[in-house]
Amino acid sequence: KARIQIHRGKLLNTIHKKLNDVKTDIESGNEGMALIHVETLINDERMVPCFDILSMLCEQVLERIPLLMKSGRTVPPDMFVTMQTLAYSAHRSNIDELVRVRGQMEMMYGSQFVNASETDLNNVNETIRENINLIMPDMGWKLYRLTEIAKKEGLAYSPSEIHKPKLEKYMIDHGLMVRPPPPPPIQSAPNPQYPYGGPPPGNWPAPPPYPYQPGPPYNYGNPPPPPYNYDAPPGPAPNYGPPPSNYGPPPPQNYGPPPPQNYGPPPQNYGPPPPQNYGPPPPAQNYGPPPAQNYGPPPQNYGPPPSAESHYKAPGAYPPSNPAQAPNAAPPMNYGAPPPGYGMPPPEQKKDIHPPEAKAADPALDDMEARLALLKKM
């Protein structure tokens, strides 16, 4: 409750400041800015009774706490509207304490009870339901509030010509102004042609009626037909016949014989075309049988591949297995026997483990080496 009173005091200070801004705009003739400030002022003024009602409801809950504790998780019937109104106003009043109260009600009575305040507004206080939400007031409402402020502060203000019809409509719709009576219809002088009433609709005097004057009868030279008399006169009925129309016979149309069409002599006769004699066809060309292609004897048979004995011989000097088959073969090339030891690994060189200086100082070293050599041979 104390927090609600603090918010109410802040709101009244804001309203007082907005009233000063509106008065300044009216004095400077800035109607557009004055309408913007009046729109905020209207929403703030609508919140003042909401804070008063919320403060009263919080006081009621504070006094009914023992009853609420006894009822448990069931809301008493006389507190149902109070609880629904507080839950509905928690997020719309910008009061943190009311938001926490809504959370406690959700823990005690369940989320279904708290969410019902957003869907079923019949259980919410009517003043809270109509004034706590921000609205966009129409132009007539803003002009009327602006006119009231100017009249209260003694300022000369009159809405612009484009806004005057909107202000009059708002005042008439809300019963703040009596609708002016319609202008009386225009009365014209009495017309003797309408002795039982005034002029026709439109308030304009009617023109005098045009007198009907029958024209001459439609007579085309024939006698008029007899009057419609159901008692036919005695005697034969007159036969009028068709109307005279003598146009005479049409004049004869003599166009004469058609002119002869002379196209001249027929075309010349050139006769059959001369035969084209190209003579006998040329004799057939006889090329004879194709020449036989003689490629000579088949390639020479050099015998089996060379053996491993020809490893040390030059290429191309392999002797054939049968010298008679290759009489033109190159003579064999004899390079002689390979030197002794060819292809063998070199012999191991004896390593002298003792330098010559040591052997000179101690002759027994040579004797020891000799013994070692004898042992290896054994």
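Bear in mind that the values here come from a model prediction, so they are computed numbers and not experimental data.

The rules behind each value
Position labels on residues start from 1 in each chain and follow its written sequence. In keeping with the model being predicted, local features are shown solely for residues with a pLDDT of at least 70 and side-chain atom pairs are shown and tallied solely at 80 or more, while totals for entire chains, interfaces and linings include all residues. The basis for every side-chain value is the complete set of heavy atoms in the structure, and neither hydrogens nor water enter the calculation. Going along the chain from the N terminus, every DSSP run of H or I of four or more residues is numbered as a helix, and every run of E of two or more is numbered as a strand. A 1.4 Å probe rolled over the protein chains alone gives each residue an accessible area, and that area as a share of the maximum for its type sets the label: buried under 20%, exposed over 50%, partly exposed in between. For this analysis, residues touch if any pair of their heavy atoms sits within 4.5 Å. Side-chain atoms within 4.5 Å link the members of a nonpolar core, which is a set of buried Ala, Val, Leu, Ile, Met, Phe, Trp, Tyr and Cys residues. The working definition used for a salt bridge is a side-chain nitrogen of Lys or Arg within 4 Å of a carboxyl oxygen of Asp or Glu. Axis definition: a line fitted to C-alpha atoms, limited for helices to the stretch in contact. Angles are taken between N-to-C directions and run from 0 to 180 degrees. Here roughly perpendicular refers to angles of 65 to 115 degrees, roughly parallel to angles under 35, roughly antiparallel to angles over 145, and oblique to all remaining angles. Three classes are used, and their members are as follows: Ala, Val, Leu, Ile, Met, Phe, Trp, Tyr, Cys and Pro are nonpolar, Asp, Glu, Lys and Arg are charged, and the others, Gly among them, are polar. Crossing handedness: left-handed means the near helix sits turned counterclockwise from the far one by under a right angle, and right-handed means the same turn made clockwise.

A.B. asks: Help me out: how do you make sense of the overall build of the protein chain in this one?
C.D. replies: Within the protein chain, the secondary structure is distributed over 11 helices and zero strands. The buried share among the 378 residues of the protein chain stands at 20%. Within the protein chain, residue pairs in contact and separated by at least 24 positions form 61% of the contacts whose partners lie at least 6 positions apart.

A.B. asks: It is not clear to me how the nonpolar core should be interpreted in this structure. Could you clarify?
C.D. replies: The nonpolar side chains of a soluble globular protein tend to be buried, and buried together. If you look at the biggest cluster of nonpolar residues, it comprises 44 residues, and the most contacted ones within it are Met83, Leu86, Leu98, Met105, Tyr109, Ile128 and Leu146. Counting residues per element, the ones that place at least two in this core are α1 (2-28), α2 (31-63), α4 (80-89), α5 (96-109), α6 (111-119), α8 (139-153) and α9 (164-173). At 14 residues, the largest contribution of residues to this core is made by α2. Leave out the neighbours within four places in its chain, and leucine 98 touches Leu54, Cys58, Leu86, Ser89, Ala90 and Ser93.

A.B. asks: What should I look at first to understand the environment of proline 165 in this one?
C.D. replies: Within the element layout of this structure, proline 165 appears in helix α9. For the pair formed by proline 165 and glycine 140, sequence separation is 25 residues and the distance between their alpha carbons is 8.7 Å.

A.B. asks: What is the right way to look at the pattern of salt bridges in this model?
C.D. replies: Two side chains carrying opposite charge are able to pair once their charged atoms lie near each other. Going through the model one piece at a time under the given rule, you end up with 13 salt bridges. As a salt-bridge pair, lysine 17 and aspartate 21 come within 3.5 Å of each other at their nearest N and O atoms. Taken together, the residues lysine 17 and aspartate 21, both in helix α1 and four residues apart, mark about one turn of the helix. Across the pair glutamate 97 and arginine 100 runs a salt bridge whose closest N-O atoms are separated by 3.6 Å. Here glutamate 97 and its partner arginine 100 are both found in helix α5, three residues apart, which amounts to about one turn of the helix. Owing to a relative accessible area of 28%, glutamate 97 belongs among the partly exposed residues under this scheme. Because the salt bridges share partners, they merge into one network encompassing Arg3, Glu97 and Arg100.

A.B. asks: How do you make sense of the environment of leucine 68 when you look at a structure like this?
C.D. replies: Looking at the element boundaries, leucine 68 is found in helix α3 (residues 65-71). In this structure leucine 68 comes out as buried when scored by relative accessible area, which is 8%. Spatially, the C-alpha atoms of leucine 68 and methionine 79 are 8.9 Å apart, while their sequence positions differ by 11 residues. Setting aside chain neighbours within four positions, we find leucine 68 in contact with Val61, Pro76, Met79, Met83, Met108 and Tyr109.

A.B. asks: Looking at this structure, I do not really get the packing of α4 against α6. What am I missing?
C.D. replies: α6 packs onto α4 with a crossing angle of 75° between their chain directions and a minimal axis gap of 9 Å. Regarding the angle of α4 to α6, the classification is roughly perpendicular. Seen from α4, the contacting residues are Phe80, Met83, Gln84, Ala87 and Tyr88; seen from α6, they are Phe113, Val114, Ala116, Ser117 and Glu118. Looking at the contact of α4 with α6, its residues break down into seven nonpolar, two polar and one charged.

A.B. asks: Honestly, unusual backbone geometry in this entry has me stumped. Any pointers?
C.D. replies: Positive phi, normally seen in glycine, also occurs at asparagine 94, with a value near 60°. Its location among the elements puts asparagine 94 in the loop between α4 and α5.

A.B. asks: Just to check I follow, could you spell out the packing of α4 against α5 for this structure?
C.D. replies: If you want to describe how two helices pack, look at the angle between their axes and the distance between the axes. Between α4 and α5, the shortest axis-to-axis distance is 8 Å and the interhelical angle comes to 130°. With respect to α5, the element α4 is oriented oblique. Two packed elements cross with a definite hand, and for α4 against α5 that hand is left-handed. Counted together, Met83, Leu86, Ala87, Tyr88 and Ser89 of α4 and Leu98, Arg102, Met105 and Tyr109 of α5 form the full contact between these two elements.

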